[in-house]
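A structural walkthrough
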Amino acid sequence: MGPHTATGLVPERYRRMVLASRPVDKPDTTHFRLEEVGMPGVAAGQVLVRNRYLSIDPYMVGRMYTTQSYAAAQALGETMVGETAGHVIASQHPDFQIGDAVVGALGWQEYGVSDGTNLRRVDEQRAPLSAYLGMLGMTGVTAWYGINRICRPVEGDTVLVSAAAGAVGGVAVQLAKAKGCKVIGIAGGEQKCHYVTRVLGANACIDYRPLASKEALTEEIFKHAVDGVDAFFDNVNGWVLDAAFPAMSLGGRIALCGMIGRYGNRSMQLLSHHFLLLSRLTAQGFIVWDHVGEWGRAVDELSDLMDGGLLRSEETRAFGIEAAPHACLGLLAGKNVGKQLVQFY
Ligand SMILES: NC(=O)c1ccc[n+]([C@@H]2O[C@H](COP(=O)([O-])OP(=O)(O)OC[C@H]3O[C@@H](n4cnc5c(N)ncnc54)[C@H](OP(=O)(O)O)[C@@H]3O)[C@@H](O)[C@H]2O)c1
């Protein structure tokens, strides 16, 4: 029998997912291993959290490799890193009570112990718990930062967003729309494009999958942005970024948010980056964790937009920790619409 808490009996064992081996080429589910481990004790200054949701993010794929990145590679045999949302079920910490809804980085596991570092209480009255991993969490703040601090669009600007039906891209589309911009999305498939225009409110969406070349994508962008693109929020990099360079207007801004088009150790040559000079473009990469000082403001603004009905988010949920590897790898195949989560219970 495990320890008792105000919310019931805690099991003696729980499940976690570890990285079993590193991919050489493409990652697959055999690189993960599900393990059962004993429930840890809760020492003074610690809390025990039962995780309800796990955020699935593209960076997790990047960390399976040892190639150069802004973050350390995932350690072999250790619990996969990841953000979680759940409830405190035992507490020896003065700032957390049993029942508190919390978001933290407890990893791919059903329960986790924290000393309170980077654990934040969230308000389930204001938004459902899962939203704090999506539009009101790291995902939303990433879109907020890229749009407000790098793209800086003003009313009437034309804004292009790649992976527009995804978690970050979907928020970026809506933030640009809320500023009175003309928004063009890029997404894989007719259904996703339908979602980007009809649900998220973009003016147009380009399905890139049937396009045979980067030139064809450039042409499609120009069809919707005859005077060029003033700001590009890029989640993909590679040929999608390359196709956008010629379509940028003079003085255009590019937020280099992600490079999911390069994951899986794919390297790509950019052939059109001379437009950076020709069109006097500014392209700036950013990592949301470098700007934690802006999180409070970003979440306040995102919450206000949500309250005003100007921000919504689709979720794609997988169920049970055993489904996490498949959900994670599914990001590379574009299986998700909106925020990809794993729900544990
Ligand atoms: N800079 C930061 O601090 C920061 C923070 C968070 C996320 N990010 C980055 O932001 C991007 C989006 O993250 P997210 O969490 O919102 O993921 P997401 O967009 O919800 O999911 C990934 C999407 O990328 C698209 N995709 C996958 N492979 C592709 C390829 N080869 N070419 C073109 N599109 C491809 C797929 O959509 P389609 O079906 O439309 O292709 C897929 O659904 C990622 O690159 C991520 O690394 C950066």
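Since we're looking at a predicted model, the values are computed, not measured.

What counts and what doesn't
Residues numbered from 1 in each chain as written. Predicted model: local features only at pLDDT ≥ 70, side-chain atom pairs only at ≥ 80, totals over all residues. Heavy atoms only, no water. Near = heavy atom within 4 Å. Polar contact = N/O pair within 3.5 Å; in protein donor to acceptor, adjacent residues only side chain to side chain. Helix = DSSP H or I, 4+ residues; strand = E, 2+ residues; numbered from the N terminus. Nonpolar A, V, L, I, M, F, W, Y, C, P; charged D, E, K, R; others polar. Domains from an automatic or database assignment. Contact = heavy atoms within 4.5 Å. Pairing = 2+ DSSP bridges. Axes fitted to C-alpha atoms, helices over the stretch in contact; angles between N-to-C directions.

**Remarks on the site of the ligand**
What surrounds the ligand is a group of 29 residues, the closest being V168, K192, Y208, V288 and N336. In this structure, Y208 approaches the ligand through a side-chain N or O atom, which is 2.5 Å from an oxygen atom. Separating an oxygen atom of the ligand from a backbone N or O atom of M259 is a distance of 3.4 Å. Broken down by secondary-structure element, the contributors of at least two residues to the shell around the ligand are α2 (138-151) and α3 (167-178). Here the residues of the shell around the ligand are counted per class, giving 17 nonpolar, nine polar and three charged. Both domains that furnish three or more residues to the shell around the ligand are identified here as domain 1 (4-134 + 314-343) and domain 2 (140-289).

**Side note on the side chain of R63**
Take R63: it is sitting in the loop between α1 (59-62) and β6 (84-91). Excluding residues within four positions of it along the chain, R63 makes contact with R22, A71, A72, A73, Q74 and V81.

**Side note on the sheet that holds strand β11 (residues 182-187)**
Pairing in this open sheet of six strands is parallel, and the strands run β12-β11-β10-β13-β14-β15 from one edge to the other. Two strands close off the open sheet at either side, each with one partner strand: β12 (204-207) and β15 (282-285). Here the average twist between neighbouring strands, direction ignored, is 15°. Pairing analysis gives five bridges linking strand β13 (residues 229-234) to strand β14 (residues 248-256), with the strands arranged parallel. Bridging from a neighbouring strand, V229 pairs with M248 of β14. Running at roughly 170° to strand β10 (residues 158-162), α3 makes contact with β10, β11 and β13 of the sheet.

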